[in-house]
Amino acid sequence: MSDALQLVRPDLRDFAGYASARRANVSGSVWLNANESPQPSLADAQGVLHRYPEPQPAELRARLAKLYGLDIEQMMVTRGSDEGIDLLVRAFCRAGIDAVLIAPPCFGMYAVSARIQNAPLVEVPLLDVDGTWTLDVAAIIAAVSERQVRLVFLCAPANPTGQALPLATTRALAQALDGRAVLVIDEAYIEYSSQDSACTLLGEFPGLVVLRTLSKAHALAGARIGAVAAAPALIAVLRNLSAPYPVPQPSARVALAALSDLALTEARLRCALAIAERMRVHAALQQSGLVRQVYASDANFLLVRFADSKAAFERLIAAGVVVRDMGAMPGLADALRITIGTREENELLLAALEGTATP
Ligand SMILES: *Cc1c(COP(=O)(O)O)cnc(C)c1O
């Protein structure tokens, strides 16, 4: 048993999950085993949705594995990263006992999933040193050895703070936590970053997990397609915990189309454009008298501190521009998170801030 499997909840180690009709390893031409309708719906133009979908759509899984440089057994397709986060917390955390560690300010879903599972939450805040966000690596390692931490969630690049996580830091953490806690690197924004993916480290560390998603750079937030990448033994555990048919067939179909060579080229162009616009908006915001600080970002958004963030937020709303108020997050009372839009949208944002926009 690898170290990572020893961290799985003892009561789940032998759990085989739901034996769905699609999982049964049988073949035939007359399908009478899943209580499906034999006729398709009028609403289903392709006439395929009366059947349950593949639990793990094979073609999509193979294509994603290739894109991320993984073996097929090293990954599973999920209903967005949200499902991956939830499965991980359920697999590793006994309610009331095994803790989840986060480095706030960070993405809210880690704490939400921990809360739903009643897993204790251990917080090791990011350090804001001279306007640069950094991980307190020593404090994370200390917390894992002092508390019953089973899962460490890090976001690279981070949301909402924007900084990249050097691969060397991920490697050092994976080494230090090996056999003690599972290290999860959430790479929702990696396509906008100059950093390499932590997927390149998976072969070395059985307790490392990487989350990827088609929601951002691949422009498919509405389709709800994500991926969990990890050692095959761990993927097998997570698959047994997942819903019988987590990936709707229409979503799998559109995701596969979004991974064609042409669509991937387009996605790279969109990313390049977002990065160019990010640099332009960053520079423009820094010139604004309303702005206190713009943090460096490796993602498709900027975290910005304002002299009066509430006034800035209201001014933007009045012009019809909706950004994310980070005021409720510890340490970000004066901050807004601004997604990079199209060039025209960014122009509207900047004009609205300077009060020259007409709604
Ligand atoms: C947007 C985002 C995701 C994506 O979640 P999906 O469920 O795949 O849409 C994951 N992690 C972080 C940090 C994000 O900001």
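Residues numbered from 1 in each chain as written. Predicted model: local features only at pLDDT ≥ 70, side-chain atom pairs only at ≥ 80, totals over all residues. Heavy atoms only, no water.

Describing the pattern of salt bridges
Step number 1: Taken as a whole and judged by the stated rule, the model has 17 salt bridges.
Step number 2: Here Glu204 ties to Arg171 by a salt bridge, and the two come within 2.6 Å at their closest N and O atoms. Of this pair, Glu204 sits in the loop between strand E7 (182–186) and strand E8 (208–213) while Arg171 sits in helix H6 (residues 167–177), and the two are 33 residues apart along the sequence.
Step number 3: With relative accessibility at 34%, the residue Arg171 sits in the partly exposed group.
Step number 4: Salt bridges here are not isolated pairs; linked through shared partners, they connect Asp128, Arg292, Arg305 and Asp334. (Salt bridge = Lys/Arg side-chain N within 4 Å of Asp/Glu carboxyl O. Helix = DSSP H or I, 4+ residues; strand = E, 2+ residues; numbered from the N terminus. Buried < 20%, exposed > 50% of the residue type's maximum accessible area, 1.4 Å probe, protein only.)

A few points about the packing of aromatic side chains
Step number 1: Following the criterion strictly, the structure yields five aromatic pairs and no others.
Step number 2: Seen from their ring centres, Tyr52 and Tyr245 are 4.4 Å apart, and the 20° between their planes marks the pair as stacked. Separated by 193 residues along the polypeptide, Tyr52 in the loop between helix H1 (3–7) and helix H2 (58–68) and Tyr245 in the loop between helix H7 (232–241) and helix H8 (249–257) bring together distant segments of the chain.
Step number 3: With 5.1 Å between their ring centres and 40° between their planes, Trp133 and Tyr295 make a pair best called tilted. Here Trp133 is found in strand E5 (residues 132–134), whereas its partner Tyr295 is found in the loop between strand E10 (291–294) and strand E11 (301–306), with 162 residues between them in sequence. There is no split in this pair, since Trp133 and Tyr295 are both buried.
Step number 4: Among the aromatic residues, those joined into a cluster by ring pairs are Phe107, Tyr110 and Phe153. (Phe/Tyr/Trp six-rings, centres within 6.5 Å; stacked < 30°, edge-to-face > 60°.)

Overview of the pairing of E11
Step number 1: The element E11 is extensively covered by neighbouring structure, given that six of its six residues are classed as buried.
Step number 2: Along E11, one buried face is formed by Phe301, Leu303 and Arg305 and the opposite face, lined by Leu302, Val304 and Phe306, is buried too.
Step number 3: In terms of strand pairing, E10 meets E11 through three bridges, oriented antiparallel. Its bridge partner being in E11, Gln293 is matched across the sheet by Arg305.
Step number 4: In this antiparallel pair of consecutive strands, E10 and E11, the connection spans six residues.
Step number 5: Of the pairings in the sheet, the one linking E11 to strand E13 (residues 335–339) comprises five bridges and is antiparallel in character. Bridging from a neighbouring strand, Arg305 pairs with Ala335 of E13. (Pairing = 2+ DSSP bridges.)

All quantities given are derived from atomic positions and should not be read as evidence of function.
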